[in-house]
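Below are the chains, spelled out letter by letter.
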Amino acid sequence: MPIATVNPANGETLKTYEAMGEEELERRLQLAQATFRTYRTTTYAERARLLNRAADLLDEDRQEIGRVMTTEMGKPVEQARAEAAKCARAMRWYAEHAAELLADEEPSAADVKDSGAARALVRYRPLGPVLAVMPWNFPLWQVVRFAAPALMAGNVGLLKHASNVPQTALYLEDLFHRAGFTEGCFQTLLIGSGAVDDILRDERVKAATLTGSEPAGRAVAATAGEMIKKTVLELGGSDPFVVMPSADIDRAARIAVTARVQNNGQSCIAAKRFIVHTDVYDAFAERFVAGMAALRVGDPLAEETEVGPLATEQGRADLEELVDDARRSGAAVLCGGERPDGPGWYYPPTVLAGVTREMRVHREEAFGPVATLYRAADLDEAVLIANDSPFGLSSNVWTRDEAEVDRFVRDLEAGGVFFNGMTASHPGLPFGGVKRSGYGRELSGHGIREFCNITTVWHGA
């Protein structure tokens, strides 16, 4: 795949970039290693000062970088600006909380005595250069949620971004440099995916984090396992959105539309499978389908647009294949389902009903504005359908019954359970999944400690 900005609204190639050669990559790896030796000794206060400055600059750049993201991957520009603002808030959150999250921990006095120590503690120390392999769907947020905690922990970052968002990738490197971080603290590597394996095998790279597809995650995990390096993987998701009889059906249906089509439906944590109790199925389906059909699809740079084009031509083709397979196998298309005429990689908000286990869309992630509707006879069947997926990223449940709340928290196979609202990420809450959605956690204290050497410090009597 070429490293290029291709406007998904019309298919026009706007900018192309040459991949970095071996000599430049070697220079950057040397720089990362050298920078880490000194950066790891900086104080939390100094790191926080730099990160807060980066947040201020990002706020100032919000309009400009929002248009860049929209031009590169097609999200509505209002959502792009909101993404930039969210990144700035996350930077400030980690600048404020990192010292507390990584403070020395003291075991209990009894454990210290029992170990034969006069004194003991646990200290969190940085690992070194961390390679981040990041996707195009949230081209700022995915990177910042790795970079902010990594930099505050004293690590340095090497970013291999998706090849269709090179301008955003270069902006991030420039942003951290303008904020005052030395050049080697955060570097963008303009390389293709084929170069990742060699970089991950380099002894100077100490760990890796990847957000992306399951095949990409398998490849990185395999190499990291061979090299015995720490990884965090956030892969696909096909999140359930369960609606029980006690729910506010009007609000659930309204939020369901947003939960499915946020970011043009190209979000790992977007709700994709809508599992509705039979007692309220018809009422929910009517409202949900009407809401999906009423969405304004169009130019992502227009303020009134709610759904823009898919990011890539191949992405749209993959989505069409899932819908066509379901239709051939007997699924009902309640709205959408047909590619519009004209330029750009647009696909309409689509709702499928009557989905069965044999259909690909039941097993695979629909990365675009396509929803599947399921009818559940009771709570037990709702849980069975929700868990009948290779993925386990997050989940949404709509109920006002506390007994049902307890059951869903106990039984749903997911990294998060969100009640009466849509899944969202926040720097104070851990984010990640189970099953084929990956392992490890981003954000919160759990995320900042993923790339730390958790060190026992023991003093004899």
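Please refer to the structure higher up on the page.
These lines cover the structure that appears in this document, whether it is placed above or below. (Residues numbered from 1 in each chain as written. Predicted model: local features only at pLDDT ≥ 70, side-chain atom pairs only at ≥ 80, totals over all residues. Heavy atoms only, no water.)

## Thoughts on helix α10 (residues 249–261)
When the terminal C-alpha atoms of α10 are compared, their 19 Å separation across 13 residues agrees well with the 18 Å that a helix rising 1.5 Å per residue should span. Turning to α10, its buried residues number three or more, namely I249, A252, A253, I255, A256, V257, A259, R260 and V261. Of the surrounding secondary structure, the elements contacted by the buried residues of α10 are β9 (239–243), β10 (271–277), α11 (281–293), β13 (370–376) and β15 (396–398). Looking one or two places after α10, you find N263, whose phi comes out positive at around 60°. (Helix = DSSP H or I, 4+ residues; strand = E, 2+ residues; numbered from the N terminus. Expected span 1.5 Å × (residues − 1). Buried < 20%, exposed > 50% of the residue type's maximum accessible area, 1.4 Å probe, protein only. Contact = heavy atoms within 4.5 Å.)

## Observations concerning the environment of G74
Here G74 shows up in the loop between α3 (62–73) and α4 (77–101). Each C-alpha atom of the pair G74 and N263 lies 8.5 Å from the other, and the pair is 189 residues apart in sequence. In contact with G74, not counting residues within four places along its chain, are P8, M69, N264, P300, G308 and P309.

## Regarding the environment of C268
For C268, the location among the structural elements is in the loop between α10 and β10. Between the C-alpha atom of C268 and that of V112, which follows or precedes it by 156 residues, the distance is 44 Å. The residues contacting C268, other than those within four sequence positions of it, are N137, E234, L235, G236, G237, D239, E365, F367 and L393.

## Things to note about the layout of surface pockets
Summary: where empty space remains is shown by rolling a probe the size of a single water molecule over the atoms. Here the largest pocket defines a volume of roughly 1,200 Å³. Around the largest pocket, the lining is made up of 43 residues, and of these W136, G212, S213, E214 and A216 lie nearest the centre. Residue assignment for the lining of the largest pocket shows that the elements contributing at least two residues are α8 (196–201), β7 (207–211), α9 (214–227) and α12 (313–328). Reported here for the second largest pocket is a volume of approximately 630 Å³. Contributing to the lining of the second largest pocket are 30 residues, with Q79, F138, Q262, N263 and M422 lying nearest its centre. Only α4, α6 (141–153) and α10 provide two or more residues apiece to the lining of the second largest pocket. Counting residues per element, the lining of the second largest pocket draws most heavily on α4, at six residues. (1 Å grid on protein atoms, 1.4 Å probe; cavity = no way out; pocket = protein on both sides within 12 Å on 5 of 7 lines; lining within 4 Å. Points joined across faces, edges and corners; volume = space filled by probe spheres on them.)

## Some remarks on the packing of aromatic side chains
Using the criterion set out here, one finds 10 aromatic pairs in the structure. Centroid distance F274 to F288: 4.6 Å. Interplanar angle 35°. Geometry classified as tilted. A residue pair is termed long-range when its members are at least 10 positions apart, and F274 in strand β10 and F288 in helix α11 qualify at 14 residues. For the pair F274 and F288, a shared accessibility class is recorded, and that class is buried. Grouping aromatic residues by their ring pairs yields a cluster made of F241, F274, F284, F288 and W398. Stacked on the ring of Y39, the Lys or Arg R47 has its end atom at 5.6 Å from the ring centre. Its guanidinium or amino end placed over the ring of W141, K86 lies 4.5 Å from that ring's centre, counting from NZ or CZ. (Phe/Tyr/Trp six-rings, centres within 6.5 Å; stacked < 30°, edge-to-face > 60°. Lys NZ or Arg CZ within 6 Å of the ring centre and 35° of its normal.)

## Describing the pattern of salt bridges
Throughout the structure, instances matching the rule amount to 36 salt bridges. Across the pair R27 and E183 runs a salt bridge, and its minimum N-O distance is 3.4 Å. You can see R27 sitting in helix α1 (residues 22–39) and its partner E183 sitting in the loop between α7 (166–178) and β6 (186–188), a full 156 residues away along the chain. Under the relative-accessibility criterion, R27 is labelled partly exposed at 35%. The partner of R375 in a salt bridge is D282, and the shortest N-O contact between them spans 3.6 Å. Of this pair, R375 sits in strand β13 while D282 is found in helix α11, placing the two residues 93 residues apart along the sequence. Among the residues examined, R375 registers a relative accessible area of 42% and is labelled partly exposed. Each of E24, R27, R28, E173 and E183 takes part in one network of salt bridges that share partners. (Salt bridge = Lys/Arg side-chain N within 4 Å of Asp/Glu carboxyl O.)

Any link to function would need more than the numbers given here.
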